[in-house]
Structures are given as structure tokens and as C-alpha cells.
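Residue strings, one per chain:
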Amino acid sequence: LQVREKTTTRLTPAEIHRTGLGEVARIRKSMEEVIATTGFKGTFADFLKSINSDPRFTFKTGEERLAAYRDIAKRVDSELPKLFAELPRLPYGIRAMEAFEGDNSDHYSPGALDGSRAGFFEANVNNLEKRPSFEMESTLMHEAVPGHHLQVARAQELKDLPRFRRTSWYVAYGEGWAL
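This is a predicted model, so every value here is computed, not measured.

Cut-off values and rules
- Residues numbered from 1 in each chain as written.
- Predicted model: local features only at pLDDT ≥ 70, side-chain atom pairs only at ≥ 80, totals over all residues.
- Heavy atoms only, no water.
- Helix = DSSP H or I, 4+ residues; strand = E, 2+ residues; numbered from the N terminus.
- Contact = heavy atoms within 4.5 Å.
- Salt bridge = Lys/Arg side-chain N within 4 Å of Asp/Glu carboxyl O.
- Buried < 20%, exposed > 50% of the residue type's maximum accessible area, 1.4 Å probe, protein only.
- Core = buried A, V, L, I, M, F, W, Y, C linked by side-chain atoms within 4.5 Å.

Now for the side chain of Q151. With respect to the helices and strands, the residue Q151 is situated in helix α6 (residues 148–156). Apart from the residues lying within four places of it in its own chain, the contact partners of Q151 are W169, Y173, G174 and W177.

A word on the pattern of salt bridges. What the rule picks out here adds up to eleven salt bridges. Two residues, E122 and R95, come together in a salt bridge whose shortest N-O distance is 2.7 Å. Of this pair, E122 sits in strand β3 (residues 119–123) while R95 sits in strand β1 (residues 92–96), placing them 27 residues apart in sequence.

Attention shifts here to unusual backbone geometry. With an omega dihedral of 5°, the bond running from V145 to P146 counts as a cis peptide bond. You can see P146 is positioned in the loop between α5 (136–143) and α6. One non-glycine residue, N127, adopts positive backbone phi at about 50°. On the basis of relative accessibility, which here comes to 35%, the residue N127 falls in the partly exposed class.

Moving on: the nonpolar core. Counting 18 residues, the largest nonpolar core has Y69, I94, F121 and L140 as its most contacted members. Breaking this core down by element, the ones donating at least two residues are α4 (62–83), β1, β3 and α5. Take this core: its biggest share by element is seven residues, from α4. Aside from chain neighbours lying at most four places away, what touches F121 is Y69, G93, I94, R95, D106, H107, Y108, T139, L140, E143 and A144.

Moving on, we come to the environment of I51. Inspection of the secondary structure assignment puts I51 in helix α3 (residues 44–53). The exposure class of I51 is buried, given its relative accessible area of 15%. Expressed as a C-alpha distance, the spacing of I51 and F134, which sit 83 residues apart in the sequence, is 8.8 Å. Those residues in contact with I51, other than ones at most four positions away along the chain, are F57 and F134.

Written as C-alpha cells, this is what we have:
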């Protein structure tokens, strides 16, 4: 039932799981190839531990992390017209998550349907030692552009569609778009 509710596929859960396992294997192989190019000697787990504890990949302040995210966004934004014929008019911003949100993941908060409020990529600047810089580009591109912000804001602007079509969230489609 969940497959039917959350996706548009006719695949069975077992078929979806097999596809996922194949993708994990493909990505892991690619990661191992990248690790080999660094000259690192050790296991995959050793490499992950190494990069996750290396101070070169963390920021000292939340302001530094936000500035780095904004720099990434400017570089990505300039490439979007090469890939998309139409971009949403609704802007997005980058702001810090509130401290009370703790260790939640960076995320996207959609803008207002009427365009009166921008969308926001909300960056977690809490516990910076747990937030490596090497994941920032992929995170921003998933959560903001060309990911969730571009897809959600563009859908909201399609005035010839009924409101429910402009505001519905289908996990498989939204997360697939963001990937």
C-alpha cells in the first residue's frame, strides 16, 4: 500500500529494494575509486573516520559555514540557465537553523504560494564539528537548487494547474527531483 501511496511505479517493494541495493553498490564502487585517487591507505571505514575528524573540513563559526553555503549557491545559481529553460521567480535565501533545532539536518522551507515569502535553505550551524564541509555542495544542491526550491517554487508558479497540483508533495517525485 505504501508503494502505491508514495510512488507512481508499479514495481513491487522487492523490486524497488533490489534497485536500491544496486544503486548503493554502484555508488560505493564510485566512492572507492575516488578514495584510491587520494592515495589513502586503509579501509573504507578508516577513510570515513579520517575525513570526518579532520579539522580542515569543519568551520570554526556558524557565520563561516553560512558564508560558504552562500558562495556555493552563487556558483550554482549562475549555472542554472544552462540547464533549465524556465526558472522560478520566487527567490530563496540561506539562513541558520535555530539553536533549539539541535542536530537536525539542513533542510528547505518552501516559500509562500502567493510569492510573498521566499523559500529558505536552512543550514544547521549547531555542533559544527559534526558538520563536514565536504558535504555542503551536494546538500545545497539537493535542498535548494536545482533541488527542492527549484522544483517546489516552479510548481507553485504554474497558474494553469489547480492549487492541489501546485502544492502536493509526492515523496518519490520530490526526492527523485532533488537527487
